[in-house]
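Take a look at the letters that make up each chain.
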Amino acid sequence: MNKRDTKDLIKKARKLAKPFRVTDGSFRLKDIDPGDTREFTSEDKPRAKEALAMGVSLLADLQDMLYAQDRWAVLLIFQAMDAAGKDGAIKHVMSGVNPQGCQVFSFKAPSSADLDHDFLWRCMICLPERGRIGIFNRSYYEEILVVRVHPDFLAKQKLPPDLITKDIWNERFQDIRSFERYLGRNGVAIRKFFLHVSRKEQKKRFLERIEEPEKHWKFSANDAKEREHWDDYMDAYEDMIRNTATKAAPWYVVPADNKWFTRAVVAAAVIEALSSLDLEYPEVSQEKLKELAAAKRALQGGK
């Protein structure tokens, strides 16, 4: 991909991702339609897939420079209701990235060891190294989502009773903002994605998992049970996004009823993030160039 094509694609990526970027507390979840595809229609689906393929190619180039420069790390956080398409988005968007430069961690229910530490601990030990892209499939944000919706989970976290007050969620918002600010000041670029699926579409996808044998493994009865708390989750997500979205660590609230559009927006946002880091390959010193020239002469003159 030449420089002109690269610049054009980055410009298009920024345009596509911008409407879904949240950086302050003015956000309202009702303003994002889970079925939104912007200017694309169902007939444009092949064009969107082609754009995604080009984006994946550009991501591979940017990730290669990120790895070679070894200065920045990138952390991508994915949160969503069940069946919103987190796994598929990660799989398709990162399909062209060198596995050596990418680390993926999925966070399920905390273990007994996790509960013996602070709520950030299990994610902190999985942060990406410089030069790498780290992906969190769920994250420390579960602590202000599922734990908030299910107060009995909080009771099992072994916190001193005096610390469990009506202010605990605001305190955790503050802790997360401080943590992400700290990471940003240490060269970790953070982008956070909430894949916003509608309740109707989630039901459709659950039924597909039940009716199609090859998808049985994806379904859990608990997933369907959580639908009973849908409104509570939506309130928790909105409050979470409003209180933890910053310019340095924005949320992208991505419509998720159409997977092809979801993946295009996620790819666009990741391209925008990487392109903002002023990535470049390290300059080679004169001494190194002489070393390379000497090695070339030796190889050409040998067997």
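Residues numbered from 1 in each chain as written. Predicted model: local features only at pLDDT ≥ 70, side-chain atom pairs only at ≥ 80, totals over all residues. Heavy atoms only, no water.

Draft legend 1. Representation of the sheet that holds strand 1 (residues 21-22) in the model. Spatially, the six strands line up as an open sheet ordered 1-6-5-2-4-3, and their pairing is mixed. Where the open sheet ends on each side, the last strands, each with one partner, are strand 1 and strand 3 (102-106). Taken together, the eight bridges between strand 2 (residues 73-80) and strand 5 (residues 188-196) define a ladder with parallel strand orientation. Bridged to alanine 80 within strand 5 is leucine 195. (Pairing = 2+ DSSP bridges. Helix = DSSP H or I, 4+ residues; strand = E, 2+ residues; numbered from the N terminus.)

Draft legend 2. How the structure looks around a nonpolar patch on the surface. A cluster of nonpolar residues, Leu159, Leu163 and Ile164, forms a patch on the protein surface that exposes about 230 Å² of accessible area. Residue position: leucine 163 is located in the loop between helix 7 (151-155) and helix 8 (168-185). (Patch = residues over 30% accessible without salt bridge, like charges linked within 9 Å, V, L, I, M, F, W, Y side chains within 5 Å. Areas by Shrake-Rupley, 256 points an atom, 1.4 Å probe, with all protein chains shown as cover. Salt bridge = Lys/Arg side-chain N within 4 Å of Asp/Glu carboxyl O.)

Draft legend 3. Broad picture of the side chain of arginine 205. By the secondary structure assignment, arginine 205 is in helix 9 (residues 199-211). A distance of 3.3 Å separates the side chain of arginine 205 from the backbone oxygen of alanine 84, its partner in a polar contact. Of the polar contacts made by the side chain of arginine 205, one reaches the backbone oxygen of aspartate 257; its length is 3.2 Å. (Polar contact = N/O pair within 3.5 Å; in protein donor to acceptor, adjacent residues only side chain to side chain.)

Draft legend 4. Representation of helix 8. Between the first and last C-alpha of helix 8 there are 26 Å, a value that for 18 residues agrees with the 26 Å anticipated at 1.5 Å per step. Buried-residue contacts for helix 8 involve strand 2, helix 5 (121-124), helix 6 (146-149), helix 7, strand 5 and helix 11 (230-244). Once helix 8 finishes, glycine 187 follows within two positions and takes phi at roughly 85°, a positive value. (Expected span 1.5 Å × (residues − 1). Contact = heavy atoms within 4.5 Å.)

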